[in-house]
Amino acid sequence: GSGGGGRYSANGAVQPRALWPVIGLRNPGDRVTMSGKWVSGMGVDGVSVLRNVLAADEILAMYDSTSRQAGGPIRPKPPRALVPSSSEPSGDSVLSMPDWFLRESHAEHTRWLSGRYSRAATRGSGPHPLSWGPTLDVDVDRSPRACASACASLGLRCALLPGDRVSVGRSAGRLLELSEEAMVLGAAGGRLYYRVVLQKSEGGSLTEGGGRAWFWDESEVVDDSLRLIGSDAGVGLGLGVELPLLDRFKCSVPGGLRIIYAGGAVVRSDLEIFDGSVNIGTVPHGTVIPKKDVLERRVNSCGVVRYRVRYDGAGEGWISGRIRGGKEEAIVEPVMTEKKAEGQKDEGDDEAAGEEDSGAPGGEEESEPSFATADDAAGHWLQAYEKAKAESGQTRPSPSDSEYSIPTLSEYCNLLSRGIIPGFAPAESDALLASAIGAVADHSLSGDAIESPFEDIAGALSFAVQNHNRTHKDDAAATASAAAVAAVAGMGGGGAAVTSSAGANQAALAALSHLPVRLPPARALLARAAALRAFNRRARAALPWLSLRPAQEDSAVLGGLCGFGAAVGRSGRSKFAGGTEEWVQAPSIATRLRSSRRAVFTSVKKFFLQAMVDCTTTPTPLSHDEYELPREVRTVRVNRLKARRAMASDDVALKRKHGVFPQLQHEMRSWSGAALRRGHVAKGHGGQRRAFKVKLVGEGVNDYSGPYREVFTDAMKEATELDGDGRGALGVLEPSPNNSASIGDQRGLFVFASGDHRVGGEDGGGGGAGGRSLSAAGVRRSGRIV
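**Some remarks on helix α19 (residues 706-719)**
Quick reminder: α-helices carry 3.6 residues per turn. Residues three or four places apart thus point the same way.
Reasoning step 1: Its 14 residues give α19 an end-to-end C-alpha distance of 20 Å, which sits within 8% of 20 Å, the value for a rise of 1.5 Å per residue.
Reasoning step 2: Buried within α19 we find Pro707, Tyr708, Val711, Asp714, Ala715, Glu718 and Ala719. The buried residues of α19 all sit within an arc of 135° when viewed along its axis, so they share a single face.
Reasoning step 3: Taken together, the buried residues of α19 touch β16 (635-638), α15 (640-648), α17 (660-667), β18 (689-690), β19 (693-696) and β20 (733-735).

Below, the structure written as structure tokens:
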């Protein structure tokens, strides 16, 4: 139809969609409990997505304008050696940055230096992180007060801080047969988030959501279900400071609880009501349980209020506040006064009288401070925590007092201009810095350059600057670099060692040591790194919407023999740069993205490619038996015994017919691309994604992911095996020129074989009229990137 609709008039007839949960009930009287363990989000508006794409393109245009000559056409240039030019970059290059980006980069530096926030994908984020839909990632607050407040809302007696490792014995209202190991991430929205790092249960897989961030509720942290582990077990990063208990976890009435249900209150051994919860007794009707014997109050996973009580006739256990199911009659009622009520049974009178003075003012329980909110309890805990840190010598100054703090925007802009490596254009300098940051991030816990802690990057860059500048004779600059390293080492005057690892230090030095000039101060490089982080945050969300190939490459009008486009000699062979200067490259988003691709972090590129793989993965319906593979997962038969005999012979035709690689090609010769894009994860297979099942002929093994990996290992080993002439034995891969000549870098690489090599003979193994030829020319003709 016609007419406007949606959130904006430009959407035309597109109507917004609202997704509602649908729950099916089988029988009358079935009950459903809506717990609080869920997350939701509004999603990203289309206008916001478009604005982010335009903002990312504006930064790409800025990089492109500073890397080419003013007034000249945009021409592709062959890569040049890293030799600085005679001209020094001026501070005017910073002025070319948009004002909004300068402010955003400065805010990124301040946030990065504080180390307070970190982003993590939750279990509700979905399998496609870059798809246009609700974004359920969470920015966790790593500050001690926020984590203590979240712990207080759970009823914990100790604060768990980011980095603490705990043993988890309970999840979603059930006891785990084997405990899991989790690491605390931080707090968000009053919830304490964690990530499972070790799963011991059968069929456990961290790839199907277990390795993503999630949060605990109060029913999962009862009865020592969370226990600190590690070298500081029992103390943790919270230094063992006790966290006050909130009032809602205590009995708030002075007279205790009275049993009013006719059948009494059943005392169970566990907070949850399931088969494993043992019935240890019953509290009779009319009994008053004094306040001092009501030890704890919690809500279980089914939403039932439960009290942990101590009763002489049943011992210590849990009773419910209401009947679960039916009319939900009340089981207990609060006794608002300590005086005995009229009409109370004798046994209740005796018991109440015996305990009358237990809850009097000034008693043992009333001596504890009362806290109604989690923030009040966290503030009380924080004072004791800071005192314990001071006594143990672990006090660190605030980030605003750090040597790397940049309080004003003008000072940040000045450092941005100083952060450009002398003799290099801003785009080239940022590309070198991005490479160093990516190398350091590979040694961090997250592996993501955008989420790497400030201490890791600052320590490694300071180490690289100090050691690189030692080869030059400017003693004053070398002294300044040494002072910067000392500042990172202290990060607060504590005299602690540099937090970056030795591997991160060496990675940063290797990425920058080949430069023939002095490096800028580490403080200026970190200011430039903050701008790169701000740009990459936008680029990661914009990449799915940006074109990666200029339109003229596939156009007979703009490309080809005349007009725009690269020379014909470059078609399919990017190493030939001859004739490039005679062809003009039309400006476009794709050309700007290509020219500035080195400023994009490697982790961002991998994240984008992995998201593309996940989005194009063929869905596989589950089998009725969770331990059986679905019928869509086909079985491939491979005879490795025959392959080993063939590869040990000198007959080339035999190798190309009976090797593992030719056997795989023969088995899959009629498969479609969708069948190969399958990524099914079966229970009990260790989280291994698979496109098919492997049957190893004559070996008597079952494929629980081991044979699947072995087949790929054997196939790649055969593809890289060389014959007597130094060429690939199967004609699939051959050594790269550096590999053959044993010179230069990356000597262990292989390239696709050139010529008319075929896998398999004329009568089988993929050869002949029905076979497939896997040659370099065939790969180039297909237009695919392998």
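**Examining unusual backbone geometry**
Reasoning step 1: We note that Glu328 has phi near 55°; this positive angle belongs to a residue other than glycine.
Reasoning step 2: With respect to the helices and strands, the residue Glu328 is situated in the loop between β14 (315-320) and β15 (332-334).
Reasoning step 3: A positive phi angle, close to 95°, is found at Ser705, a residue other than glycine.
Reasoning step 4: Its location among the elements puts Ser705 in the loop between β19 and α19.

**A few points about the confidence of the model for the protein chain**
Reasoning step 1: Per-residue confidence for the protein chain gives a mean pLDDT of 79, with 75% of residues at or over 70.
Reasoning step 2: Overall, residues 1-14 carries pLDDT values under 50, and its contacts beyond four positions in sequence, including any with other chains, amount to 15 contacts.
Reasoning step 3: Long-range and interchain partners of residues 69-93, a stretch whose pLDDT sits below 50, account for 39 contacts in this model, where long-range means more than four residues apart.

**Considerations on helix α14 (residues 602-615)**
Reasoning step 1: Taking 1.5 Å as the rise per residue, α14 with 14 residues should run 20 Å; its terminal C-alpha atoms sit 20 Å apart, in good agreement.
Reasoning step 2: Three or more residues of α14 are buried, namely Ser603, Val604, Phe608, Ala611 and Asp614. Viewed end-on, α14 has its buried residues packed into an arc of 140°, placing them on one side of the element. Exposed residues pointing more than 90 degrees away from the buried face of α14 are listed as Lys606 and Leu609.
Reasoning step 3: Buried positions along α14 lie against α12 (522-542) and β18.

**A short note on the sheet that holds β15**
Reasoning step 1: The antiparallel open sheet is built from 3 strands, whose spatial order is β11-β8-β15. Strands with a single pairing partner mark the edges of an open sheet, and in this sheet they are β11 (288-289) and β15.
Reasoning step 2: Bridge count between strand β8 (residues 257-259) and β15: 3 bridges; the pairing is antiparallel. Counted as the bridge partner of Arg258 is Glu333 from β15.

Criteria and thresholds
- Residues numbered from 1 in each chain as written.
- Predicted model: local features only at pLDDT ≥ 70, side-chain atom pairs only at ≥ 80, totals over all residues.
- Heavy atoms only, no water.
- Helix = DSSP H or I, 4+ residues; strand = E, 2+ residues; numbered from the N terminus.
- Expected span 1.5 Å × (residues − 1).
- Buried < 20%, exposed > 50% of the residue type's maximum accessible area, 1.4 Å probe, protein only.
- Arc of directions from axis to C-beta.
- Contact = heavy atoms within 4.5 Å.
- pLDDT = per-residue confidence, 0-100.
- Pairing = 2+ DSSP bridges.

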